[in-house]
Amino acid sequence: MAAANRAIIAEQVDEPPSFEEKTVRGFTFDDISKAKINAFTKEADIRIGRTAAPNFLRSLNVADASRVKNAGILFFAKNVHRHIHQAQMTLLAFKGTNRQHIYDQRDVRDDLLTQFNEAMAFLKRHLNIRSEIHGLKRKDIYEIPLEVLREAVVNALMHRDYSITGTQVSVEVHDDRVEIINPGDLPKGLPLQKFGSVSIRRNELIADLFARLDKVERVGMGISKMRKAMLAAGLREPTFEPGEFFRAIFHRSPEFALKNKAWL
């Protein structure tokens, strides 16, 4: 075997497992919620019949013979926050643009699918909406396209660095913008100049579970799609700010962002 090949193999063997591949001491299959498995399979349109929970988790590659991986805990634990304290999301709505006056706040300390659904419900509640009538059908149109926000929320949950304790994903609604913030810089191996054109998943198992839920594409075209959708809606392109905390900023329409104007 060539020396170069031996070096590559040695590096791969020595590489520590990622956070999602690890587990929490003391966590067992008894800590898995059947209700959350049912919610996941319903959303993913998967039929498992009488398949036992351990076998189902193994089929998703989030468990092995004796343990549940952190990716499985983040989706299926009865009490996720008890075992992984940083598994939480903060939802905030501000008056104004400077983060001084909070008028709505919610902390979500539950599984990742619940975090996603709660974030989308919060955004729908605080964004302006108009309606268009096409024939006999009415269509509600949000000031920021919902497909853009769905992609951004999933990206935050999928790409955050879960090894950073004492942190959370934040979804903030301001009068002039929406910000979605997650702990962790760009994944290792992804240079800033390649951001948006190359996809490197920090959490492959978590990404796969969201793909099964049809919340994200496996091909990694999310950033490009978000930019195109914002421009198509007549809005500015989103702003992405990598750093210790990755920040995605979606600018609201100045015409309709003010709270005292109705958009009907």
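Anyway, here's the lowdown on the structure attached to this text. Throughout this description, residue numbers start from 1 for each chain and increase along the sequence as written. Predicted model: local features are reported for residues with pLDDT of at least 70 only, side-chain atom pairs are reported and counted for 80 or more only, and whole-chain, interface and lining totals are derived from all residues. The side-chain quantities take in all heavy atoms of the structure and omit both hydrogens and water.

### As for the pairing of strand β8 (residues 245-251)
Think of it in three bands: with a 1.4 Å probe and only protein chains considered, a residue is buried below 20% of the maximum accessible area for its type, exposed above 50%, and partly exposed in between. For helices the rule is a DSSP run of H or I covering at least 4 residues; for strands it is a run of E covering at least 2, with both sets numbered from the N terminus onward. Of all seven residues that make up β8, five are buried, and the element is covered over most of its length. Bridge count for strand β6 (residues 177-183) against β8 is seven bridges, and the pairing is antiparallel. From the neighbouring strand, Glu179 faces β8, where its bridge partner is Ile249. Sheet topology places strand β7 (residues 239-241) next to β8; three bridges connect them, and they run antiparallel. Looking at the pairing, Glu241 lines up with Arg247 of β8. Any two strands with at least two DSSP bridges between them are considered paired. Hairpin connection from β7 to β8: three residues lie between these consecutive antiparallel strands.

### What about the packing of aromatic side chains?
Two rings from Phe, Tyr or Trp (for Trp, the six-membered ring) form a pair when their centres sit within 6.5 Å of each other. Planes less than 30 degrees apart are called stacked, planes more than 60 degrees apart edge-to-face, and all others tilted. Here the structure, examined in full by the defined rule, presents nine aromatic pairs. Ring geometry for Phe56 and Phe76: centres 6.2 Å apart, planes at 75°, overall edge-to-face. In this pair, Phe56 sits in helix α3 (residues 53-59) while Phe76 sits in helix α4 (residues 70-76), placing the two residues 20 residues apart along the sequence. Note on Phe56: relative accessible area 3%, which makes it buried. Residue Phe76 is classed as buried on the basis of its relative accessible area of 0%.

### Examining helix α2 (residues 34-44)
Three or more residues of α2 are buried, namely Lys36, Ile37, Phe40, Thr41 and Ala44. In a view along the axis of α2, the buried residues occupy a sector of 135°, so they form one face of it. Facing away from the buried side of α2 by over 90 degrees, the exposed positions are Lys34, Ala35 and Lys42. A contact between two residues is defined here by any heavy atoms of the two lying within 4.5 Å. Close packing links the buried residues of α2 with α3, α4, α5 (80-83), α6 (112-126) and α8 (204-212). Think of a polar contact as two N or O atoms within 3.5 Å of one another; within protein, one of them needs to be a possible hydrogen donor and the other a possible acceptor, and neighboring residues in sequence only count if both atoms come from side chains. Between a side-chain oxygen at the N-terminus of α2 and the backbone nitrogen of Ala35 the separation is 3.3 Å; the capping residue is Ser33. Where α2 ends, the next residue or the one after it, Asp45, has phi of about 55°, a positive value. Starting at the helix axis, one direction is taken to each C-beta atom, and the arc is that of these directions.

### Re helix α7 (residues 146-159)
Between its terminal C-alpha atoms α7 stretches 20 Å, which fits the 20 Å expected from 14 residues at 1.5 Å a residue. Taking burial as the measure, the 14 residues of α7 include twelve buried ones, the bulk of the element. Of the residues making up α7, those classed as buried are Leu146, Val148, Leu149, Glu151, Ala152, Val153, Val154, Asn155, Ala156, Leu157, Met158 and His159. A helix is expected to reach a length of 1.5 Å times the quantity of its residues less one.

### Let's talk about the environment of Phe246
Relative to the elements of secondary structure, Phe246 occurs in strand β8. Expressed as a C-alpha distance, the spacing of Phe246 and Asn182, which sit 64 residues apart in the sequence, is 5.4 Å.

### Some words on the side chain of Glu179
In this fold, Glu179 is placed in strand β6. Contacts of Glu179, omitting those with residues within four sequence positions, involve Arg99, Ser170, Val171, Glu172, Arg247, Ala248 and Ile249.

### Topic: the nonpolar core
For our purposes a nonpolar core is just a set of buried Ala, Val, Leu, Ile, Met, Phe, Trp, Tyr and Cys residues, chained together by side-chain atoms within 4.5 Å. One finds Phe210 and Phe250 to be the most contacted residues of the largest nonpolar core, which totals 69 residues. Per element, the largest residue contribution to this core is nine residues, and it comes from α7. Apart from the residues within four sequence positions on either side, Phe250 is in contact with Ile144, Val148, Leu149, Ala152, Asp176, Arg177, Val178, Ile180, Met226, Met230 and Pro238.

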